[in-house]
Amino acid sequence: MIEPFASRPAPKLVFGPGSLKELPACVREVGGSAIFLVSDTGIVRAGHVERARQFLEDAGIPVALHDHSHENPTEADAAACRDVALRHTFDCIVALGGGSSMDTAKAGNFLLTNGGAMRDYHGYGKATKPMLPFIAIPTTSGTGSECQSYALVSRDDTHEKMACGDPKAKARIAILDPELTETQPRSVAILTGLDALAHALESAVSTKRNTISSLYSEAAFRHLSVAIGAVIAGSPSHDDRAHMQLGAAFAGLAIENSMLGAAHASANPLTARHNVTHGHAVALMLPHVMRYNREVPAAAAIYARYSTALADARVSTLRLIDWVHELVAHSAFPAIAGAADDVVVLAQGATQQWTSQFNPRPLQADDYVALYRRALANDGSA
Ligand SMILES: [Zn+2]
């Protein structure tokens, strides 16, 4: 039986090497004549901001820049973005950068157009007034934020990560230019790439999956799986970067139409309590969560189907979970000091994560304790 669903549409996707040059036409298409560009200092150093500015100014589109996006943006970061924006006149917002720049731009859009603080938008659909047209240009292949209507912003007081979503906050257009990912450090490419792979694999089996999200999950997996090995080896080709960029965007669409699961639920407390980067934490937990999930026949069937999609002849005989495990092992992440003594508190935190309830096999705190013990027992030994 096919479950009923209502899809959440994708932004217009403009894909291709060098497609950054389409930005002025995209701005015009959404009715923009002056833009507020949100980025970060690393992207400025890489030269991408200057190129984008040149394309826009050559087309007669003035640019005001906010280049102070920070990793894991907070309510204060969102307010700072709004305050800079208030000093300028513009009618379109563009984010050029990783997930943090895109989250900061979306958050700034909420505050500029609807007022208040980010905590007022925690949840979905709480912006009552129209928002400015937004164009997203990712420079990493990871979060898929370019395809999502949520801004992830941490509360200033409790540090709780809030998902603040509204259909109006989603990008009208996402420009997917794989050349922009060439300047990211290898470590960032690995962290963001494994996160994207986790988005594909978690959304694929989430209890919220449906016909549309499953299409995106599988397409994301097919693109990511052919290229992630080369990313981890440090030698991605132009084609590999293109696959990663498309795969991350499709995985973002899969989440937009579905949900995540226990790998993200168990990763977040590792980030909050032990400062582990999101991609590292998710990658560490993912194969263990998959082993736990395969006891559910429907999840096992999906994993089996995905195994047959593995294109790399070297790994074609391995099961999907072993393949994921091997990828993570080859990523050579550092051990997480102190986490093994903290599993009870971590597990408590994991049960409170929003995404936990959508995992195909339910988990209690004891289940998370066991998952953390298994993941952290292997940690650092790879
Ligand atoms: Zn993630």
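Residues numbered from 1 in each chain as written. Predicted model: local features only at pLDDT ≥ 70, side-chain atom pairs only at ≥ 80, totals over all residues. Heavy atoms only, no water.

A. Spotlight on the overall build of the protein. Scanning the protein from terminus to terminus reveals 14 helices and 9 strands. Projected onto its principal axes, the C-alpha positions of the protein cover 55 × 45 × 45 Å. The buried share of the protein, reckoned over its 382 residues, is 57%. Considering only contacts within the protein whose residues lie at least 6 apart along the sequence, 80% involve residues at least 24 apart. When the 32 basic and 38 acidic side-chain charges of the protein are each reduced to a single mean position, those positions are 4 Å apart. (Helix = DSSP H or I, 4+ residues; strand = E, 2+ residues; numbered from the N terminus. Buried < 20%, exposed > 50% of the residue type's maximum accessible area, 1.4 Å probe, protein only. Contact = heavy atoms within 4.5 Å. Lys, Arg positive; Asp, Glu negative; His and termini not counted. Charge placed at Lys NZ, Arg CZ, Asp CG, Glu CD.)

B. Looking closely at the sheet that holds strand β7 (residues 150-154). With respect to topology, 3 strands assemble into an open sheet ordered β5-β8-β7, the strand pairing being mixed. Edge positions in the open sheet fall to β5 (123-124) and β7, since each of these has one partner strand only. When β5 meets strand β8 (residues 161-165), the two strands line up parallel, connected through 2 bridges. What sits directly across from tyrosine 124, in β8, is glycine 165. Across the sheet, helix α5 (residues 99-114) touches β7 and β8, and the angle it forms with β7 is around 95 degrees. (Pairing = 2+ DSSP bridges. Axes fitted to C-alpha atoms, helices over the stretch in contact; angles between N-to-C directions.)

C. Structural context of the pattern of salt bridges. Evaluation of the coordinates by the stated rule reveals 13 salt bridges. Across the pair aspartate 157 and arginine 119 runs a salt bridge whose closest N-O atoms are separated by 3.5 Å. Taken together, the positions of aspartate 157 in the loop between β7 and β8 and arginine 119 in the loop between α5 and β5 put the pair 38 residues apart, joining distant regions of the chain. For aspartate 157, a relative accessible area of 44% gives the class partly exposed. Between lysine 170 and glutamate 256 there is a salt bridge; the shortest N-O distance is 3.5 Å. One end of the pair, lysine 170, is in the loop between β8 and β9 (173-176); the other, glutamate 256, is in helix α8 (residues 238-257), with 86 residues separating them in the sequence. (Salt bridge = Lys/Arg side-chain N within 4 Å of Asp/Glu carboxyl O.)

D. Looking closely at the environment of proline 185. Note that proline 185 resides in the loop between β9 and α6 (186-205). Residue class for proline 185 comes out partly exposed when judged on its relative accessible area of 46%. Taking the C-alpha atoms as reference points, proline 185 and aspartate 91, separated by 94 residues in sequence, lie 33 Å from one another.

E. Structural view of α6. Here α6 spans 29 Å end to end across 20 residues, near enough to the 28 Å set by a 1.5 Å rise per residue. Within α6, 17 of the 20 residues are buried, which leaves the element mostly enclosed by the surrounding structure. (Expected span 1.5 Å × (residues − 1).)

F. Quick look at the coordination of the zinc ion. Only Asp195 (OD), His199 (NE2), His264 (NE2) and His278 (NE2) from the protein coordinate the zinc ion, and they sit 2.1 to 2.2 Å from it. Because the angles between the 4 donor atoms bound to the zinc ion fall within 87 to 168 degrees, the donor set is best described as irregular. One chain supplies every donor to the zinc ion, and in sequence these donors are spaced D-x3-H-x64-H-x13-H. Of this pair, aspartate 195 sits in helix α6 while histidine 278 sits in helix α10 (residues 278-293), placing them 83 residues apart in sequence. Using a relative accessible area of 5% as the deciding quantity, one classes aspartate 195 as buried. (Donors = N, O, S within 2.8 Å, 3.2 Å for Na, K, Ca; no water. Tetrahedral: all angles 85-135°; square planar, octahedral: opposite > 155°, others 65-115°.)

G. Quick peek at the state of the cysteines. For the structure shown, the criterion picks out 0 disulfides. Between cysteine 26, a free cysteine, and cysteine 92, which holds the nearest cysteine sulfur, the sulfur-to-sulfur gap is 9.4 Å. A disulfide-free cysteine, cysteine 164 has its sulfur positioned 14 Å from the sulfur of cysteine 81, the nearest such atom. (Disulfide = S-S within 2.5 Å.)

H. Broad picture of the packing of helix α4 (residues 75-85) against α5. Contact geometry for α4 and α5: axes closest at 8 Å, N-to-C directions at 65 degrees. Taken as axis vectors, α4 and α5 run roughly perpendicular relative to one another. Handedness of the crossing formed by α4 with α5: right-handed. Taking contact as the criterion, the partners of Asp77, Ala78, Ala79, Cys81, Arg82 and Ala85 in α4 are, on α5, Thr104, Ala107, Gly108, Leu111 and Leu112. Looking at the contact of α4 with α5 residue by residue, the class counts come to 7 nonpolar, 2 polar and 2 charged. (Parallel < 35°, antiparallel > 145°, perpendicular 65-115°, else oblique. Left-handed = near helix turned anticlockwise from the far one by under 90°. Nonpolar A, V, L, I, M, F, W, Y, C, P; charged D, E, K, R; others polar.)

I. Broad picture of the pairing of strand β4 (residues 92-97). Of all 6 residues making up β4, 6 are buried, and the element is well covered by its neighbours. Because side chains alternate across β4, one face comprises the buried residues Cys92, Val94 and Leu96, and the other comprises Ile93, Ala95 and Gly97, equally buried. In this sheet, β4 lies alongside strand β2 (residues 35-38) in parallel orientation, the contact comprising 4 bridges. Counted as the bridge partner of phenylalanine 36 is isoleucine 93 from β4. Bridging between β4 and strand β6 (residues 134-138) involves 5 bridges; their strand directions are parallel. Looking at the pairing, isoleucine 93 lines up with phenylalanine 134 of β6.

J. Looking closely at the packing of aromatic side chains. The final tally for this structure, using the stated rule, is 8 aromatic pairs. Considering the side-chain rings of phenylalanine 221 and tryptophan 323, the 5.8 Å spacing of their centres and the 75 degrees angle between planes classify their relative orientation as edge-to-face. With phenylalanine 221 in helix α7 (residues 211-233) and tryptophan 323 in helix α12 (residues 320-330), this residue pair connects regions lying 102 residues apart in the sequence. For the pair phenylalanine 221 and tryptophan 323, one class covers both residues: buried. One aromatic cluster is present, formed by Tyr124, Tyr150, Trp354 and Phe358 through successive ring pairs. For arginine 8, the ring lying beneath its charged end belongs to tyrosine 124, and the centroid distance is 4.0 Å. The ring of tyrosine 292 carries arginine 361 above its face, with NZ or CZ at 3.9 Å from the centroid. (Phe/Tyr/Trp six-rings, centres within 6.5 Å; stacked < 30°, edge-to-face > 60°. Lys NZ or Arg CZ within 6 Å of the ring centre and 35° of its normal.)

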